[in-house]
Amino acid sequence: MKIALVFLLALLAAGVHAADDGRQLAPMPAAAEASLRAEMRAHLLALNEILGLVAAGKLTEAGEVAEKELGVSAMGKHRSQPFDARPGPHMPPAMHGIGMDGHKAASEFARIAATGDRDTTIAALPSLTAACVACHYSYRLR
Ligand code: HEC
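The text that follows walks through the structure, step by step, so that each part is easy to find. (Residues numbered from 1 in each chain as written. Predicted model: local features only at pLDDT ≥ 70, side-chain atom pairs only at ≥ 80, totals over all residues. Heavy atoms only, no water.)

Side note on the overall build of the protein
Here is step 1 of the chain: The secondary structure content of the protein amounts to six helices and two strands.
Here is step 2 of the chain: Listing every helix and strand of the protein by position from the N terminus yields α-β-α-α-α-α-α-β.
Here is step 3 of the chain: For the protein, long-range pairs separated by at least 24 residues make up 75% of all intrachain contacts whose partners lie at least 6 apart in sequence.
Here is step 4 of the chain: Here the protein has roughly 8300 Å² of accessible surface; of this, 63% comes from carbon and sulfur atoms. (Helix = DSSP H or I, 4+ residues; strand = E, 2+ residues; numbered from the N terminus. Contact = heavy atoms within 4.5 Å. Areas by Shrake-Rupley, 256 points an atom, 1.4 Å probe, with all protein chains shown as cover.)

What about helix α6 (residues 126–136)?
Here is step 1 of the chain: Among the residues making up α6, those that are buried are Leu-128, Ala-131, Ala-134 and Cys-135. Mapping the buried residues of α6 onto a view down its axis gives an arc of 150°, with all of them on the same face. (Buried < 20%, exposed > 50% of the residue type's maximum accessible area, 1.4 Å probe, protein only. Arc of directions from axis to C-beta.)

What to know about the packing of helix α3 (residues 59–70) against helix α4 (residues 93–114)
Here is step 1 of the chain: Running from amino to carboxyl end, α3 crosses α4 at an angle of 160°, the nearest separation of the two axes being 8 Å. Taken together, the axes of α3 and α4 are roughly antiparallel relative to one another. Here the hand of the crossing between α3 and α4 comes out left-handed. In this structure, α3 uses Leu-59, Thr-60, Ala-62, Gly-63, Ala-66, Glu-67 and Leu-70 to contact α4, whose residues at the interface are Gly-102, His-103, Ala-106, Ser-107, Phe-109, Ala-110 and Ala-113. (Axes fitted to C-alpha atoms, helices over the stretch in contact; angles between N-to-C directions. Parallel < 35°, antiparallel > 145°, perpendicular 65-115°, else oblique. Left-handed = near helix turned anticlockwise from the far one by under 90°.)

Side note on the coordination of the iron atom of the ligand
Here is step 1 of the chain: Note on the iron atom of the ligand: its protein donors are Met-40 (SD) and His-136 (NE2). The metal-donor distances range over 2.0 to 2.1 Å.
Here is step 2 of the chain: Geometry at the iron atom of the ligand is octahedral, judged from the six donor atoms that bind it and their angles of 82 to 179° at the metal. Highlighted residues: Met-40 in helix α2 (residues 30–55) and His-136 in helix α6, separated in sequence by 96 residues.
Here is step 3 of the chain: For Met-40, a relative accessible area of 33% gives the class partly exposed. (Donors = N, O, S within 2.8 Å, 3.2 Å for Na, K, Ca; no water. Tetrahedral: all angles 85-135°; square planar, octahedral: opposite > 155°, others 65-115°.)

What about the environment of Cys-132?
Here is step 1 of the chain: Along the chain, the position of Cys-132 falls in helix α6.
Here is step 2 of the chain: Sequence separation between Cys-132 and Met-40 is 92 residues; the distance between their C-alpha atoms is 9.3 Å.

Description of the nonpolar core
Here is step 1 of the chain: In terms of nonpolar packing, the biggest core is built from 18 residues, with Ile-50, Val-54, Leu-70, Phe-109, Leu-125 and Leu-128 touching the most fellow members.
Here is step 2 of the chain: Counting residues per element, the ones that place at least two in this core are α2, α3 and α4.
Here is step 3 of the chain: With near-sequence residues (within four places) excluded, Phe-109 lies in contact with Ile-50, Val-54, Ala-62, Ala-66, Thr-121, Ala-124, Leu-125, Ser-127 and Leu-128.
Here is step 4 of the chain: In this structure, Met-91, Met-95, Ala-134 and Cys-135 belong to the second largest nonpolar core, which totals 12 residues. (Core = buried A, V, L, I, M, F, W, Y, C linked by side-chain atoms within 4.5 Å.)

Structural notes on the side chain of Ser-35
Here is step 1 of the chain: In this structure, Ser-35 sits in helix α2.
Here is step 2 of the chain: Reaching out from Ser-35, the side chain makes a polar contact with the backbone oxygen of Ala-85 at a distance of 2.7 Å.
Here is step 3 of the chain: With sequence-adjacent residues up to four places away left out, Ser-35 is seen in contact with His-78, Gln-81, Ala-85 and Pro-87. (Polar contact = N/O pair within 3.5 Å; in protein donor to acceptor, adjacent residues only side chain to side chain.)

Topic: the site of the ligand
Here is step 1 of the chain: Met-40, Arg-41, Cys-132, Cys-135 and His-136 are the nearest of the 16 residues found near the ligand.
Here is step 2 of the chain: Within the side chain of Arg-37, an N or O atom sits 2.8 Å from an oxygen atom of the ligand.
Here is step 3 of the chain: Within the backbone of Leu-141, one N or O atom sits 2.7 Å away from an oxygen atom of the ligand.
Here is step 4 of the chain: Among the elements of the structure, α2, α4 and α6 are those that each provide at least two residues to the shell around the ligand.
Here is step 5 of the chain: It is α2 that provides the largest number of residues to the shell around the ligand, a total of seven residues.
Here is step 6 of the chain: The residue makeup of the shell around the ligand, split by class, is nine nonpolar, three polar and four charged. (Near = heavy atom within 4 Å. Nonpolar A, V, L, I, M, F, W, Y, C, P; charged D, E, K, R; others polar.)

Pasting the structure below:
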């Protein structure tokens, strides 16, 4: 995770942007890409829901959404699908590792939120988006 963030900072420092983008291409079959994109939109929705719940002081609920939608519990959703429709096995190992780190971070956030401590829960919020940023700044599908 830390290595991914260092990589991100290096990219930012080098002034890399969309036009001459330094991300690594990680192509996958169309069906896997469609699964990945649908999962990503669900992640964004969950993130928005979590932020709203934390803002409203509903920490237990925020932790539950984090675990179910983003946490370790959310892993393996595509396991029963055909190989071509599963994003994970088509990712380079380092990319897959960032995804796993993200699931673990969300479960850790869920554990913190479950304590009901508002300050530590708020302080842990950025850990929910660190993997999103690390992966998006390192990899592209096209
Ligand atoms: C392991 C890598 C990885 C992680 C972690 C990750 N993403 Fe993505 N995401 C991708 C890739 C790759 C794409 C497609 C980029 C492209 O078009 O080339 C994508 C696309 C998306 C899209 C666009 C979906 C569409 O309909 O095209 C959204 C929204 C998104 N991600 C949200 C998130 C959020 C929110 C998180 C964190 C909770 C997250 N992603 C974590 C790899 C990742």
